[in-house]
Amino acid sequence: MSLTLAERVSAIAPSATLAMAGAAKRLKAEGVDVFDFALGEPDFKTPENIQEAALKAMRSGQTHYTPPSGIPELRQALAKMYSETRGLPTQDVQVVVSNGAKHSIHNALMAVCGPGDEVIIPAPYWVSYADLVKLTGATPVVLQTTEANEFKLTPEQFLAAVTPRTKLLMINSPSNPTGVVYTRAELEALADAVLKSDQVGVLSDEIYEQLLYGDAEATCFATLRPGLADRTITISGVSKTYAMTGWRIGWSIAPTPVAKFMGDIQSQETSNPCSVSQWAALEAITGPQDSVVAMKSQFTKRRAYVLERIAALPDVTCIAPGGAFYAFMNISAHLGRTLGGKVIGDSTEFCLTALSSAHVALVMGSAFGAEGYARLSFATDLTTLERGFDALERFLRH
Ligand SMILES: Cc1ncc(COP(=O)(O)O)c(C=O)c1O
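Residues numbered from 1 in each chain as written. Predicted model: local features only at pLDDT ≥ 70, side-chain atom pairs only at ≥ 80, totals over all residues. Heavy atoms only, no water.

1. Looking at the pattern of salt bridges
Part 1 of the reasoning: In total, this model carries 15 salt bridges according to the counting rule given.
Part 2 of the reasoning: Two residues, Lys80 and Glu84, come together in a salt bridge whose shortest N-O distance is 3.4 Å. Placement of both Lys80 and Glu84 in helix H4 (residues 72-85) is noted, with a separation of 4 residues, approximately one turn of the helix. Glu84 shares its class with Lys80; the two are exposed. (Salt bridge = Lys/Arg side-chain N within 4 Å of Asp/Glu carboxyl O. Helix = DSSP H or I, 4+ residues; strand = E, 2+ residues; numbered from the N terminus. Buried < 20%, exposed > 50% of the residue type's maximum accessible area, 1.4 Å probe, protein only.)

And the structure:
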């Protein structure tokens, strides 16, 4: 007899972004010059002051287990940061530091969702949301937004989807994959809709809060209305802002009983997040921020360049991202056409053919719940972007 899988995992798909990045890596290993625009991680090195803090922590013996929810110094610093700069009065006990924001989201969902519950997710959504919800036994309820409405969920759409089983609404602004940033007024309207029901909570993923362009502004959802903080779990982390994807530090700010339960879950799952990385994250958020300004200025230039190149691509459109480092290209005009010698049926075929023919790695919109699109990450240097766009343009014009 062979081992059978638990029913819980049978619905789980591996991360599509990582799968596309894997396919790009395999081509690279064969010696092919691949333009990798698939993975959502800054290409910059983690700033020196953060690396130094990690070395110092290691050398001074901070290499042991830490409290499950994180070292007190980091929890305190985060509580201070949210209280003073986000307008969200936060106590240390509300902060749980985890192994990346993805892990924070997992802990949050495990703490509040289970079989029979529904979680509302506006599409396009970050690839992991639906699978993380399924892992808890709850059901993702995906609401399609439209490009015409800048991929924003409306209060009417949300209210029409609420049932007695709705447990959570997941919000992500700035958004991966679209880069869309809700205005404060739009989020306030959603907050009012949420507060109409007694049982619906919110998971607000604010991981791209510092990567903003033009007049886009970050909004901490939990602060928008009195009482909202009691039903909102705020998620963020150091991966994107400080080019620290490999250090695996994210956090959540939750109502105290939820935070306690999330810490208990984490203590059984992983004991604690990496001790050295926690000290590095402390330096990231409390140390000098000039490297963040420098990285943002690079992203700003790349975004302008990418938008210019997309505008020149045949039959491809894209709404300008207000935040994050993605361009979500509408490639639907190419479906049904022949590209690279193949008839392109959907966004997966589009991306696979772009990879095999033009050596450009993108992620198919279907992975984000939006067929007819392809996501391009501009967390890559300008020279690679230029060469990659030349290849993509040739591929589309052929
Ligand atoms: C919207 C969103 N949330 C969370 C994460 C997870 O980040 P972390 O590296 O902290 O786990 C990502 C990473 O791609 C993301 O795009």
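2. What about the packing of aromatic side chains?
Part 1 of the reasoning: With the rule as written, the count across this model stands at 13 aromatic pairs.
Part 2 of the reasoning: Considering the side-chain rings of Phe44 and Phe299, the 5.4 Å spacing of their centres and the 80° angle between planes classify their relative orientation as edge-to-face. Note that Phe44 is positioned in the loop between strand E1 (35-36) and helix H3 (48-59) and Phe299 in helix H11 (residues 290-311), a separation of 255 residues in sequence.
Part 3 of the reasoning: Overall, the relative accessible area of 21% leaves Phe44 in the partly exposed class. (Phe/Tyr/Trp six-rings, centres within 6.5 Å; stacked < 30°, edge-to-face > 60°.)

3. A closer look at the state of the cysteines
Each disulfide consists of one covalent bond between the sulfur atoms belonging to two cysteines.
Part 1 of the reasoning: Enumeration over the complete set of coordinates arrives at 0 disulfides.
Part 2 of the reasoning: No disulfide involves Cys220; its nearest neighbouring cysteine sulfur is the one of Cys113, lying 20 Å away.
Part 3 of the reasoning: By relative accessible area, Cys220 is classed as buried at 7%.
Part 4 of the reasoning: Cys351 takes part in no disulfide bond, and the closest cysteine sulfur, belonging to Cys318, lies 14 Å away. (Disulfide = S-S within 2.5 Å.)

4. Side note on the site of the ligand
Part 1 of the reasoning: With respect to spatial proximity, 13 residues lie near the ligand, and among them Ala101, Asn176, Asp205, Lys240 and Arg248 are the closest.
Part 2 of the reasoning: Between the ligand and the protein, one listed contact pairs an oxygen atom with a side-chain N or O atom of Tyr208 at 2.8 Å.
Part 3 of the reasoning: Surface burial for the ligand is 93%, taken as the share of its 400 Å² of free accessible area covered by protein chains.
Part 4 of the reasoning: In this structure the site holding the ligand corresponds to the largest pocket. (Near = heavy atom within 4 Å. Polar contact = N/O pair within 3.5 Å; in protein donor to acceptor, adjacent residues only side chain to side chain. Areas by Shrake-Rupley, 256 points an atom, 1.4 Å probe, with all protein chains shown as cover. 1 Å grid on protein atoms, 1.4 Å probe; cavity = no way out; pocket = protein on both sides within 12 Å on 5 of 7 lines; lining within 4 Å. Sits in = over half its atoms within 2 Å of the grid points.)

5. Some points on the packing of H3 against helix H10 (residues 275-286)
Part 1 of the reasoning: Where H3 contacts H10, the two axes come as close as 8 Å, and the packing angle between them is 140°. Overall, the two elements H3 and H10 adopt an arrangement that is oblique. When you trace H3 past H10, the crossing you get is right-handed. Residue-level contacts link Asn49, Ile50, Ala53, Ala54, Ala57 and Met58 of H3 to Val276, Trp279, Ala280, Glu283 and Ala284 of H10. (Axes fitted to C-alpha atoms, helices over the stretch in contact; angles between N-to-C directions. Parallel < 35°, antiparallel > 145°, perpendicular 65-115°, else oblique. Left-handed = near helix turned anticlockwise from the far one by under 90°. Contact = heavy atoms within 4.5 Å.)

6. Comments concerning helix H12 (residues 347-358)
Part 1 of the reasoning: End to end, H12 covers 15 Å across 12 residues, agreeing with the expected 16 Å (1.5 Å per residue, within 8%).
Part 2 of the reasoning: Along H12, the positions that sit buried rather than exposed are Ser347, Phe350, Cys351, Thr353, Ala354, Leu355 and Ala358.
Part 3 of the reasoning: The distance from a side-chain oxygen at the start of H12 to the backbone nitrogen of Thr348 is 3.2 Å, and the residue carrying that oxygen is Asp346.
Part 4 of the reasoning: In the segment just after H12, His359 is the residue with positive phi, at about 60°. (Expected span 1.5 Å × (residues − 1).)

7. Quick look at the nonpolar core
Part 1 of the reasoning: With 85 residues, the main nonpolar core has Met329, Phe350 and Leu362 as its most contacted residues.
Part 2 of the reasoning: Among the domains, domain 1 (7-45 + 290-397) and domain 2 (62-287) are the pair contributing at least three residues each to this core.
Part 3 of the reasoning: In contact with Phe350, other than residues within four places in its own chain, are Ile331, His334, Leu339, Ile344, Leu362, Ala374, Phe395 and Leu396.
Part 4 of the reasoning: In terms of nonpolar packing, the next biggest core, distinct from the first, is built from 29 residues, Leu88, Val95, Val97 and Val292 among them. (Core = buried A, V, L, I, M, F, W, Y, C linked by side-chain atoms within 4.5 Å. Domains from an automatic or database assignment.)

8. So, the packing of H12 against helix H13 (residues 382-397)
How two helices pack is summed up by the angle between their axes together with the distance between the axes.
Part 1 of the reasoning: One way to put it is that H12 packs onto H13 with a least axis distance of 10 Å and a crossing angle of 110°. Judged by the angle between their axes, H12 and H13 are roughly perpendicular. With respect to the hand of their crossing, H12 and H13 are arranged in right-handed fashion. On H13, the residues that touch Phe350, Thr353, Ala354, Ser357 and Ala358 of H12 are Ala391, Phe395 and Leu396.
Part 2 of the reasoning: The residue inventory of the contact of H12 with H13, partitioned by class, reads 6 nonpolar, 2 polar and no charged. (Nonpolar A, V, L, I, M, F, W, Y, C, P; charged D, E, K, R; others polar.)

9. Looking at the pairing of strand E5 (residues 166-172)
Within a regular strand, side chains alternate between the sheet's two faces.
Part 1 of the reasoning: Here E5 lies mainly inside the structure; 6 of its 7 residues are buried.
Part 2 of the reasoning: As defined by bridge partners, E5 adjoins strand E6 (residues 201-205) across 5 bridges and the pair is classed as parallel. For Ile171, the partnering residue across the bridge sits in E6 and is Ser204.
Part 3 of the reasoning: Once the chain exits E5 it traverses helix H8 (residues 184-195) before rejoining the sheet at E6, and the crossover so formed is right-handed. (Pairing = 2+ DSSP bridges. Right-handed = clockwise from strand over helix to strand, strands pointing away.)

10. Some thoughts on the UniProt feature "domain: Aminotransferase class I/classII large" (unreviewed entry) in the protein
Part 1 of the reasoning: What UniProt calls "domain: Aminotransferase class I/classII large" (unreviewed entry) maps, in this numbering, to residues 33-391.
Part 2 of the reasoning: Within residues 33-391, the helical portion is 38% and the strand portion 17%, while the C-alpha atoms at the span's ends are 11 Å from each other. (UniProt positions renumbered as here; feature names shortened; annotations may be inferred.)

11. A word on the domain arrangement of the protein
Part 1 of the reasoning: Under the domain assignment used here, the protein contains domain 1 (7-45 + 290-397) and domain 2 (62-287).
Part 2 of the reasoning: Every contact between the two is made by 35 residues of domain 1 and, on the other side, 31 residues of domain 2.
Part 3 of the reasoning: Of the roughly 2800 Å² buried where domain 1 meets domain 2, counting both sides, 61% is carbon and sulfur surface.
Part 4 of the reasoning: A per-residue breakdown of the area domain 1 buries against domain 2 is headed by Ile319, Ala324 and Phe368, which together make up 19% of the total.
Part 5 of the reasoning: The tally of links between domain 1 and domain 2 comes to 0 salt bridges.
Part 6 of the reasoning: Applying the counting criterion to the domain 1 and domain 2 interface returns 13 residue pairs in polar contact (both at pLDDT 80 or more).
Part 7 of the reasoning: For the side of domain 1 that touches domain 2, the elements supplying multiple residues, two or more each, are helix H2 (16-29), H11, strand E10 (326-330) and strand E15 (373-377). (Buried area = accessible area lost by both parts, 1.4 Å probe.)

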